[in-house]
Amino acid sequence: MNDQLFQMESRIKPSEQFIALSNEVLHELIHTTSGIEGVLLSSTDGFEVNSIFQKTYDGGKLSAVGSSILALVQALTAEAQLTGCRSVILDAENGKIMISAVPSQFQPMIVIVVTKQQVLLGQIMHGMNKAINRLIELDKEFHKYTVNLYHNYCKALNSIEGFFHVPHIQPVKQSIC
């Protein structure tokens, strides 16, 4: 996991196309990998992007806590002078939770997978890695334009503010830049 995963300058909402296609990725993961009870895609700041659950789970709470856990593990691995932490596996009496980074260039995210207790971890990890690689491809396809447009807009606001005294630009800049 890179250091920028939890240091986003601002939160950009994923595109509707990305959300729809990420749902297909999650659906494929949960239906082609034995033992998965739920899968969730979350922003690194703990907001649910998409989820599919076979039981009743609170996706918002799982997103927030999962994001925090991965951030804490990143800090722990840095203290231990380890680099590249990609995932965490939590083993409980009645199941497992796997939290993995989706180190996308434009919109880094995390995937949380909830499984039964008796699962083949290698099979789950293979399925997760396949899904993560697909999500990274989708990120490149759908967010590059949005992020570039966003940064160009902020540059334009900075330029306008430099040439003219426009008092109402500052609140706009603070809310989106």
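What you see is a predicted model, and the numbers here were worked out from it, not measured in a lab.

**Student:** What is the right way to read the overall build of the protein chain from this model?
**Tutor:** For the protein chain, the helix and strand inventory stands at 4 helices and 5 strands. Moving toward the C terminus, one meets the helices and strands of the protein chain in the order α-β-β-α-β-β-β-α-α. Sorting the 177 residues of the protein chain into buried and exposed places 41% on the buried side. Within the protein chain, contacts between residues at least 6 apart in sequence are counted, and of these 57% link residues at least 24 apart. In the structure as shown, the protein chain presents an accessible area of about 10,400 Å², 55% of it carried by carbon and sulfur atoms.

**Student:** Would you mind showing me how to read the pairing of strand β2 (residues 48–53) here?
**Tutor:** Regular strands show a simple pattern: their side chains alternate between the two faces of the sheet. With 5 bridges connecting them, strand β1 (residues 36–43) and β2 associate as antiparallel partners. Each residue of the ladder has a partner; that of Val39, found in β2, is Ile52. Hairpin connection from β1 to β2: 4 residues lie between these consecutive antiparallel strands, with Gly46 at a positive phi of about 90°.

**Student:** Before we go on, may I ask you to explain the sheet that holds β1 in this structure?
**Tutor:** Hydrogen bonding along the main chain pairs the strands of a sheet, whether they run parallel or antiparallel. Strand order in the open sheet made by the 5 strands is β2-β1-β5-β4-β3, with antiparallel pairing throughout. At either margin of the open sheet sits one strand with a lone partner, and together these are β2 and β3 (87–92). Across this sheet, the average inter-strand angle for adjacent strands is 10°, counted without regard to direction. Here β3 runs beside strand β4 (residues 95–102); their pairing, made up of 6 bridges, is antiparallel. Of the residues in β4, the one forming a bridge with Leu90 is Ile97. Against the sheet, helix α1 (residues 16–32) engages β1, β2 and β5 (109–115), with an angle of about 30° to β2. This element, helix α2 (residues 59–79), spans β1, β2, β3, β4 and β5 of the sheet and lies at about 110° to β5.

Rules used throughout
- Going along each chain's sequence as written, the residues are numbered from 1 onward.
- Per-residue local features are limited, in this predicted model, to residues with pLDDT of at least 70; the limit for side-chain atom pairs, both in listing and counting, is 80 or more; totals at the level of whole chains, interfaces and linings are taken over all residues.
- As a convention, hydrogens and water are excluded, and side-chain values are obtained from all of the structure's heavy atoms.
- Only DSSP runs of H or I with at least four residues qualify as helices, and only runs of E with at least two residues qualify as strands; both kinds are numbered from the N terminus onward.
- Exposure classes here rest on a 1.4 Å probe applied to the protein chains alone. A residue is buried below 20% of its type maximum, exposed above 50%, and partly exposed in between.
- By definition, residues are in contact when any of their heavy atoms lie within 4.5 Å.
- Only the protein chains shown count as cover for residues, with accessible areas throughout obtained via the Shrake-Rupley method and a probe of 1.4 Å.
- Pairing between strands is defined by DSSP: at least two bridges between the two strands are required.
- Working convention: axes come from line fits to C-alpha atoms, limited for helices to the stretch in contact. Angles between N-to-C directions cover 0 to 180 degrees.

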